[in-house]
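These are the residues of each chain, in order.
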Amino acid sequence: MKRKAQLLSGGLAATVALGAVVGCGGGSPQNAAGTGGTGVQKGGTLIYALPPATNITWYLPITNAGNASLYNAQLYTQLYPGVIYIDHRYQIDYANSFAQNITYNQAGTVYTISLKKNWKWSDGHPVTADDVVWDYELIKATDAKDAPPPWPNYNAGAGGVPDNVQSVVAKDPYTVVITLKKPVNQQWFIYNGIGQLTALPKHAWNKYPNDIRQEIIYLAKQATNPAFFTVVDGPFKLQSAKSSQSWTLVPNPLFGGHKSTLDKLIFQYEATNDAEFAALKTGAVNLGYLDLSQYASRQSLTSSGYTIMPAYNFGYNFIELNQQKGSPMYAAFSDVKVRQALEYAIDQNAINKDIYHGFAPPQYGPIPTTPKTIFFDPNLAKPLFPFNLAKARQLLESDGWKMQNGVMTKNGLQLKFQVIYPSGTQSTTQMMELIQQDWKQIGVQISLKPMPLSEIFGIIQDTSNPGKWAAAAGTGITYGGSYPSGEQLFEPGGLDGFGYDDPVLDKLIAATTSPAPSQQASLKAFFAYEEYCAKQVPVLWTNGVASLIAVAPNVHNATEQYLNPTTGYPLFNYIWMSK
Amino acid sequence: MLSYIVRRILQAIPSLIGISIITFILLHIVPGNPVRILLGQHYTPQRAAALAQSLGLNKPLYMQYLIWLWNILHGNLGYSYNYTEPVTYLIAHALPNTLSLVLIATIFAQLFAMLIGTVQAYFENTIADHIITVLNYFFYSMPSFWLGILMVMFFSIQLHWFPSGGVVNPQDPNPGFWDWLHHLILPAATLTLVTLAGYSRYMRSSVRETLLMDYVRTARAKGLRESQVLWRHVLRNSILPQITLFGLSFPALFAGALFIEEIFNYPGMGLLYWNAVGTLDYPVLLGVTMFLGALTIIGNLLADILYSLVDPRISLESMS
């Protein structure tokens, strides 16, 4: 699960989505030509714009926290695809995975991964179960408490890897068997645990076969060296890498999956949004983005045949309320009625329409309505807390709050506090000002303080100083391919809502990670968690903001399916270009 | 001459140490923490502690400074937090780009300034002088990023004459000199235009003063052609202040290239510095600042040497 630097207004915002495209609300792109079967032409250079100041710094699929950026991952997954691929509907897509299927026992303790037999490394060696097992051994070593710098691996602990793993063995060259120490929900483990696995070329990289510690030191040193990554099993090979300039990939002819017809795929560095916009206009970039602040200029692109499409990632945005003991608003924010009243008083429809040009659908729970996935509980299709100031005020009054001098007050505590939010983005400021005005009408007075996002993270994550902040806006969570249950979010110590603790929700979350007899049963437990969580409002749900993608007229298959904004990991090998 | 140069270099050392101390302190009092920025969404106190330790940021500030100083004395500017590459490597890759941009812009700005300044001084208070003055002030007052955007809009987007950014065409596996030059023209022209005005105003004043000198009157009285007076006697003496200006402004041009490199997506020192500011990449910020500090001192020294070469009346030994 990834907390994202989400400047709600910017194209930067839904960071995932730079490369992503979604069909919702944007209509069918004219140039999104089918599925690539008929009429596919060979050749062409797809130039994909990276957002400002995004450099690719790390090429190894196992990363440390400092290098765990989406854009590093977007590149190295072209070289080293994961054992499983999560598609734009947030389901496992075996056609584009190295695994051809995964079976498990009913207890959820033994998982058998059958691998495809036709995959080869680019040097001709077969890709085997040993390569996956070796990857796990590296993950385990990089997760160790005494792992040498720059480790540990940032993903430590997700899906119970490696703590809950008893063994990972190659049963035969194309079968990996994982045995867990204690049973877990199978879907949860497949997404969070097996989802971390990839095949790495053991025959080419294993320099210290008897010393895994030396090996991870060695690999960490090579991780920033693009010249090291010559043996790949993905759809592309890295041809050249120039920091702050461009990263050029060419198709890997030995790739076992869908082969790219492109001549080249270039990740193009962009210093500013303006530079990227100019590059789109001159054709120097043919798959880019339009920052929401540049929305008014969209016609100059569409008149050249570009398609502008919204891209929604799978996650949620929120205003975080400090519910730690010691928080200036502890008594108020730990009261569910106050949180619900505040939610009632956020006009998400107006925010969507007036600020985000209709590219920010309202959101009332941890699972977004857009993009559509099986994880969205149909019972939540009707908003739980639609904008209603009268109801908001009524709820506060029923809870004992009284309006005194224009501010709701209870036991001497006033609903008057400061909200910090990321600076530098006009639409985030506009959203907060709108909320400020609406809340004022129900007797909640807030002052707004913009500050750099890193500072916000620093303040809200410093649990030793809970008195330093009351509420923080403008950030969000993107699930990024992990199972969207709440154990890392809403359990005590989770990423969201410091201080939020509800034993009922904890139990419901635990149920989502416990073994289930079927996927239906698994979803039933998930919906129970989702509904309760949505009602409890541990954080104030806010609009899910899209990024805008600009696709040149000669770029085809740049669809939701292949650009996959849901997770942020595009299948560039399906995109083709016409002459 | 040699002893003068050595003495000047030795005198520069305390200045550089002073710059390093001030920069080091200023950087560390800027709000924000590189560890928090690096970890971003992956921040946990444990990871922060581990990362701070691995970067040496858990040590007292004076200790960090002394370690940095010790490393720099051994030719090691440290490792970038952001790129996980040596700072010397990053500077070595960015420097040629900026150097070519700044050198070309400076040379053209100086040449045009000499021409324009001389024309203005010679035809003082004519319509030509007034028009050039207005144009000069126009470009002088125009922010470089704004002019850059206008250049891109006109020459790249409208006319498609030049690329809007980059240093070479990424699609070309073996870009040649012309491709490089093609990418350089717009940013260099922008930098030339914004710096030209300053130089030409100096040149105008300098030529005006020289034109009033006795030796110019004498030259004319001798019956020399006006062009000979101008080239032999006026210009040669008028360009002396330009040389000083060149030495002093060279580092400033590096800094001025920052916005231009951003607009034109040009991977030079400015862009390197810009990215480092965003992530509080201390080693890069310190490395680039020290480099510019050293460049200022060298620029001054070069200006003095050039001055003595152009004007025989000036002796560096006597100056020292």
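Residues numbered from 1 in each chain as written. Chains lettered and ligands numbered in written order. Predicted model: local features only at pLDDT ≥ 70, side-chain atom pairs only at ≥ 80, totals over all residues. Heavy atoms only, no water.

- The name that an unreviewed UniProt entry assigns to chain B is Binding-protein-dependent transport systems inner membrane component, with the source organism given as Alicyclobacillus acidocaldarius.
- Checking UniProt for chain B, the heading Subcellular location (unreviewed entry) contains the comment "Cell membrane".
- The record in UniProt for chain B states the following under Sequence similarities (unreviewed entry): "Belongs to the binding-protein-dependent transport system permease family." (UniProt positions renumbered as here; feature names shortened; annotations may be inferred.)

- The name an unreviewed UniProt entry gives chain A is Extracellular solute-binding protein family 5, with Alicyclobacillus acidocaldarius as the organism.
- Entered under Sequence similarities (unreviewed entry) in the UniProt record, the comment concerning chain A runs "Belongs to the bacterial solute-binding protein 5 family."
- A UniProt comment under Subcellular location (unreviewed entry) is attached to chain A, and it reads "Cell envelope".

## Remarks on the domain arrangement of chain B
Accessible area lost on assembly of the parts is the figure often given for the size of an interface.
All names here are of chain B.
At step 1: Taken domain by domain, chain B holds domain 1 (1-74) and domain 2 (90-310).
At step 2: When each unit is reduced to the centre of its C-alpha atoms, the spacing between domain 1 and domain 2 is 32 Å.
At step 3: Counting from both sides, the interface comprises 23 residues of domain 1 and, opposite them, 16 residues of domain 2.
At step 4: Summed over both partners, the interface of domain 1 with domain 2 comes to about 1700 Å²; 83% of that surface belongs to carbon and sulfur atoms.
At step 5: Our enumeration of links across domain 1 and domain 2 arrives at zero residue pairs in polar contact (both at pLDDT 80 or more).
At step 6: The set of elements that each furnish at least two residues to the side of domain 1 that touches domain 2 consists of α1 (2-29), α2 (34-39) and α4 (61-73).
At step 7: Element by element, the count of residues in the side of domain 1 that touches domain 2 is highest for α1, at 13 residues.
At step 8: Broken down by class, the residue content of the side of domain 1 that touches domain 2 amounts to 16 nonpolar, six polar and one charged. (Domains from an automatic or database assignment. Contact = heavy atoms within 4.5 Å. Buried area = accessible area lost by both parts, 1.4 Å probe. Polar contact = N/O pair within 3.5 Å; in protein donor to acceptor, adjacent residues only side chain to side chain. Helix = DSSP H or I, 4+ residues; strand = E, 2+ residues; numbered from the N terminus. Nonpolar A, V, L, I, M, F, W, Y, C, P; charged D, E, K, R; others polar.)

## So, the packing of helix α6 (residues 273-282) of chain A against helix α7 (residues 144-158) of chain B
At step 1: Orientation of α6 of chain A relative to α7 of chain B, taken along the N-to-C sense of each, is 10 degrees, at an axis distance of 10 Å. One way to sum up the angle between α6 of chain A and α7 of chain B is to call them roughly parallel. From α6 of chain A, D274, A278, K281 and T282 of chain A reach across to α7 of chain B, where they touch I149, V152, S156 and I157 of chain B. (Axes fitted to C-alpha atoms, helices over the stretch in contact; angles between N-to-C directions. Parallel < 35°, antiparallel > 145°, perpendicular 65-115°, else oblique.)

## A look at the interface of chain A and chain B
At step 1: In this assembly, 41 residues from chain A lie in contact with 34 residues from chain B.
At step 2: Taken over both partners, the interface formed by chain A and chain B buries close to 3100 Å², and the fraction arising from carbon and sulfur atoms is 55%.
At step 3: Where chain A touches chain B, the interface holds zero salt bridges.
At step 4: Where chain A meets chain B, there are seven residue pairs in polar contact (both at pLDDT 80 or more).
At step 5: Listed by contribution, the elements that provide at least two residues to the side of chain A that touches chain B are β1 (2-4), β2 (45-49), β8 (246-251), β9 (264-268), α6 and α13 (453-460) of chain A. (Salt bridge = Lys/Arg side-chain N within 4 Å of Asp/Glu carboxyl O.)

## Quick look at the environment of N265 of chain B
At step 1: Counting through the fold element by element, N265 of chain B comes out in the loop between α11 (240-263) and α12 (269-279).
At step 2: Other than its neighbours up to four places away in sequence, N265 of chain B contacts Q268, Y269, E270, A271 and A275 of chain A together with G165, G166 and L271 of chain B.
At step 3: One polar contact links the side chain of N265 of chain B to the main-chain carbonyl oxygen of Y269 of chain A, over a distance of 2.7 Å.

## Topic: a nonpolar patch on the surface
At step 1: A cluster of nonpolar residues, L2, V6, L10, I13, I17, I21, I22, I25, L26 and I29 of chain B, forms a patch on the protein surface that exposes about 940 Å² of accessible area.
At step 2: Here I17 of chain B falls in the partly exposed class, since its relative accessible area comes to 36%. (Patch = residues over 30% accessible without salt bridge, like charges linked within 9 Å, V, L, I, M, F, W, Y side chains within 5 Å. Areas by Shrake-Rupley, 256 points an atom, 1.4 Å probe, with all protein chains shown as cover. Buried < 20%, exposed > 50% of the residue type's maximum accessible area, 1.4 Å probe, protein only.)

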